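One-letter residues, chain by chain:
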Amino acid sequence: MKMASFKEIISTLPRRKGWNDSDNDLFLYRSFYYYSFFIEGVMSAQQNFQSQPSDIIICSASKTRTTWLKSLTFAIVTRTTFDDSTNPLLTNLSHDCVPLLEVDLAQSSTNRDPKNPLSIIDSSGKIVYICRDPKDSFVSLYHFIARRLASKDMKPLALEEAFELYCGASLDRPDKILFLKYEEMIEDTILYIKKIADFIGYPFSFEEIEKGSVEKIVNMCSFENLSNLEVNKSGKHREGTPGAIENKIFFRKGKVGDWENYLTPEMAARLDSITLQKLNGSGLTL
Ligand SMILES: Nc1ncnc2c1ncn2[C@@H]1O[C@H](COP(=O)(O)OS(=O)(=O)O)[C@@H](OP(=O)(O)O)[C@H]1O
């Protein structure tokens, strides 16, 4: 029997209006809404990815501080490979220092054996997952898309309309992972960097801690430092592709609680209620 192509499968999925420039619809695939330009890669990764015990998989929903977590994880793992002036984080967007699973697989640039895929959850690789108050994620995503559209002389939806669409889409979360909350991490970043390092198998030695290696990573990956690097002020991500985007759009305010400047108390209560509904039974709270 002929296997359906990814495009054929996508055409049968439930869809709803999105608010991006390049593709207006979001498609519901395994309890998560994606734009079609990501979904083929996601399907390919889910079907073909052969996880290795040494894998470290960074997972996040959009605008939950992925850029920060990628830079921290990369800095932890490479801390003995590079010195303060040679770290690739200083000349590349964090996203470009860490391979993107679905894109690599979609381009068949992986050397993994595709014949016997293993579930990532069942593998012995490490999964680090970050989440953030959805109210802040929404405000961050809204501005990310608005700035992206502005760079193409296009106008975003009104915030209220985008909010309606955001509330309509749901998020599912995996388990068996190091589950990080951005709001907790920012309170004690040193503690959380040590936790991530222990979890992914790159613990800091007593001497490293004494020498201030953890503080060095905090500073290198800080919003102030990364957003002021030349590459993040003038460089481009996925240059030369239809998804090209200015690196500076990944950096906006880097603050907790900016939602208060954009959402009414009613909007905040509504999103909190959706979040609590989604978290019900998971043991997680807002
Ligand atoms: N290094 C560092 N430290 C702290 N915060 C940072 C950092 N880099 C990016 N940001 C802020 O993260 C928000 C973007 O979220 P993501 O990185 O998850 O975006 S993406 O999904 O990867 O596109 C977005 O948050 P807002 O400022 O609230 O919009 C960015 O400003």
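Please read all numbers here as calculations on a predicted model, not as lab measurements. (Residues numbered from 1 in each chain as written. Predicted model: local features only at pLDDT ≥ 70, side-chain atom pairs only at ≥ 80, totals over all residues. Heavy atoms only, no water.)

A. Region of the structure containing the environment of T285. Among the structural elements, T285 can be located in the segment after α14 (265-279). You can call T285 exposed: its relative accessible area is 53%. Separated by 58 residues in sequence, T285 and S227 place their C-alpha atoms 31 Å apart. Other than its neighbours up to four places away in sequence, T285 contacts K181 and L279. (Helix = DSSP H or I, 4+ residues; strand = E, 2+ residues; numbered from the N terminus. Buried < 20%, exposed > 50% of the residue type's maximum accessible area, 1.4 Å probe, protein only. Contact = heavy atoms within 4.5 Å.)

B. Region of interest: the site of the ligand. The environment of the ligand is made up of 19 residues, and the closest members are K63, T66, T67, S140 and K253. K63 is positioned such that a nitrogen or oxygen atom in its side chain is 2.4 Å from an oxygen atom of the ligand. Between the ligand and R132, the relevant distance is 2.7 Å, taken from an oxygen atom to a side-chain nitrogen or oxygen of the residue. Relative to its unbound accessible surface of 640 Å², the ligand loses 95% to contact with the protein. (Near = heavy atom within 4 Å. Polar contact = N/O pair within 3.5 Å; in protein donor to acceptor, adjacent residues only side chain to side chain. Areas by Shrake-Rupley, 256 points an atom, 1.4 Å probe, with all protein chains shown as cover.)

C. Main features of helix α6 (residues 134-150). In this model α6 runs 24 Å from its N-terminal to its C-terminal C-alpha over 17 residues, within 8% of the 24 Å that 1.5 Å per residue would give. With 15 of 17 residues buried, α6 is to be regarded as a mostly interior element. (Expected span 1.5 Å × (residues − 1).)

D. Main features of the sheet that holds strand β6 (residues 178-181). The sheet built from 3 strands is open, its strands ordered β4-β5-β6 with parallel pairing. The open sheet has two edge strands with one neighbour each: β4 (56-60) and β6. Averaged over all neighbouring strand pairs, the angle between strand axes comes to 20°, with direction disregarded. Pairing analysis gives 5 bridges linking β4 to strand β5 (residues 126-131), with the strands arranged parallel. Looking across to β5, one finds that I58 is bridged to V128. This element, helix α3 (residues 66-77), spans β4, β5 and β6 of the sheet and lies at about 165° to β4. (Pairing = 2+ DSSP bridges. Axes fitted to C-alpha atoms, helices over the stretch in contact; angles between N-to-C directions.)

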